[in-house]
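The lines below spell out each chain.
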Amino acid sequence: MLRYTLKRLLSLILSLLVASLVIFAAIEVVPGDPAQYMLGINAQEDTLNALREQLGLNQSVVSRYFSWVAGMVQGDFGVSYTYRTPVRDMVAERLWISLPLALYALALAILVAFPAGILAARKRGSFLDSTVMGVTQLGVAIPNFWFAMLMVLLFAVSLRWFSAGGFPGWDNGFWLAMKALTLPAIALSLQQASILTRVMRSSLLDTLSEDFVRTARAKGLSTGQALWRHALRNAMIPVLTIIGMQFSFLIAGGIVIENVFFLPGLGRLIFQSISQRDLIVVESVVMILVFAVIMVNFAVDLAYAFVDPRLRRRT
């Protein structure tokens, strides 16, 4: 297990290195001058040069890259060009919205998908199975931002059960904050729950057709007993893969939903920073999101080894 973990850890470090190079290069080729944007089109050249010097924009590309990476390793992500605030503080403030939102949405997706997928697999070919598959197909097809706007119209404008947007802050009470995240979490979880249900059903059906399950049935176990005792654990590997990918998407892909509900999370921060040409914020936040995605994949790899002992024995 130790050798398996070390190999995955080395892969994680190499992935982070490559990601940092790609992100920095992609931001560098974006046209525009942050100093020009901050001071306006009528700014004098000497004033622009002074600001570029202050921001470190006059350094070579290589120097800026290594300075940026060295700062991140030490927990220093630089200072925002626009707000003159440490990026670390901005990220920490916004993370307390985006991370709970992602966890909330993932929890909703799992709570819906696991029972629905297992039930559809047990009732294969029945009306219930067809209904579940039809609903999940619709859930995959509906854009989450469109579904979010429908929920705002129904639950916020018509019924007035929830607010249409904004975030009151955790200081005003846990349940009030969770209530503000409920509609965004449901909107984010719709497609994820639909995909996870279909994967769970498909994986269980494949496992139920294996020889060891048929042997268990031949020894007298019912379909339900064979499913819960033998099939479910063996069907979890592709499901864990999807869960890891979904959590990564929910952290990094909530930009549209956060803008629909005016949530001051990481997605909205990226959107605002791009529009303001605040490159250091864009670089650092995207790198943090990439780090989160890679760490989730690392955790999923370890979960594979826990679920399937064969992976531990191969390494």
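- Looking up the protein chain in an unreviewed UniProt entry gives the name ABC transporter permease, with the organism given as Halocynthiibacter halioticoli.
- Of the protein chain, the UniProt comment under Sequence similarities (unreviewed entry) reads exactly: "Belongs to the binding-protein-dependent transport system permease family."

**Looking at the overall build of the protein chain**
Move 1: Summing up its helical and strand segments, the protein chain has 15 helices and zero strands in all.
Move 2: In the protein chain, buried positions account for 43% of the 315 residues.
Move 3: Accessible surface for the protein chain amounts to roughly 16,900 Å². Of this, 65% is attributable to carbon and sulfur atoms.

**Considering the UniProt feature "transmembrane region" (unreviewed entry) in the protein chain**
Move 1: UniProt records the feature "transmembrane region" (unreviewed entry) at residues 95-120, 141-162, 174-196, 235-257 and 285-307, using the numbering of this structure.
Move 2: Each end of residues 141-162 is marked by a C-alpha atom, and these two atoms are 25 Å apart; helix forms 73% of the span and strand 0%.
Move 3: Spanning residues 174-196, this segment combines 100% helix with 0% strand, and its end C-alpha atoms are found 28 Å apart.

**Quick look at unusual backbone geometry**
Move 1: You will see that R160, though not glycine, has its phi angle at about 60 degrees, which is positive.
Move 2: Of note, R160 is situated in the loop between helix 7 (144-158) and helix 8 (174-208).
Move 3: According to the relative accessible area criterion, R160 is exposed, its value standing at 70%.
Move 4: With a phi close to 55 degrees, F262 is a non-glycine residue in the positive phi region.
Move 5: The topology assignment puts F262 in the loop between helix 12 (255-260) and helix 13 (266-275).

**Observations regarding the packing of aromatic side chains**
Move 1: All told, the structure shown has seven aromatic pairs when counted by the stated rule.
Move 2: Between the NZ or CZ atom of K179 and the centre of the ring of F162, over which it lies, the distance is 5.9 Å.

**Looking at the packing of helix 7 against helix 8**
Move 1: Where helix 7 contacts helix 8, the axes come no closer than 9 Å and their chain directions differ by 145 degrees. Here helix 7 and helix 8 pass one another in a crossing that is right-handed. Taken together, the residues of helix 8 that come into contact with helix 7 (itself represented by N144, F147, A148, M151 and F155) are L183, I186, A187, L188, L190 and Q191.
Move 2: The residue makeup of the contact of helix 7 with helix 8, split by class, is nine nonpolar, two polar and no charged.

**Observations concerning the side chain of S189**
Move 1: Turning to its location among the elements, S189 is positioned in helix 8.
Move 2: Taking the relative accessible area as the measure of exposure, S189 reaches 7% and is therefore buried.
Move 3: For S189, the side chain forms a polar contact with the main-chain oxygen of I186, separated by 3.0 Å.
Move 4: Residues in contact with S189, not counting those within four places in the same chain, are A105, L108 and A109.

What counts, and at which threshold
Residues numbered from 1 in each chain as written. Predicted model: local features only at pLDDT ≥ 70, side-chain atom pairs only at ≥ 80, totals over all residues. Heavy atoms only, no water. UniProt positions renumbered as here; feature names shortened; annotations may be inferred. Helix = DSSP H or I, 4+ residues; strand = E, 2+ residues; numbered from the N terminus. Buried < 20%, exposed > 50% of the residue type's maximum accessible area, 1.4 Å probe, protein only. Areas by Shrake-Rupley, 256 points an atom, 1.4 Å probe, with all protein chains shown as cover. Phe/Tyr/Trp six-rings, centres within 6.5 Å; stacked < 30°, edge-to-face > 60°. Lys NZ or Arg CZ within 6 Å of the ring centre and 35° of its normal. Axes fitted to C-alpha atoms, helices over the stretch in contact; angles between N-to-C directions. Left-handed = near helix turned anticlockwise from the far one by under 90°. Contact = heavy atoms within 4.5 Å. Nonpolar A, V, L, I, M, F, W, Y, C, P; charged D, E, K, R; others polar. Polar contact = N/O pair within 3.5 Å; in protein donor to acceptor, adjacent residues only side chain to side chain.

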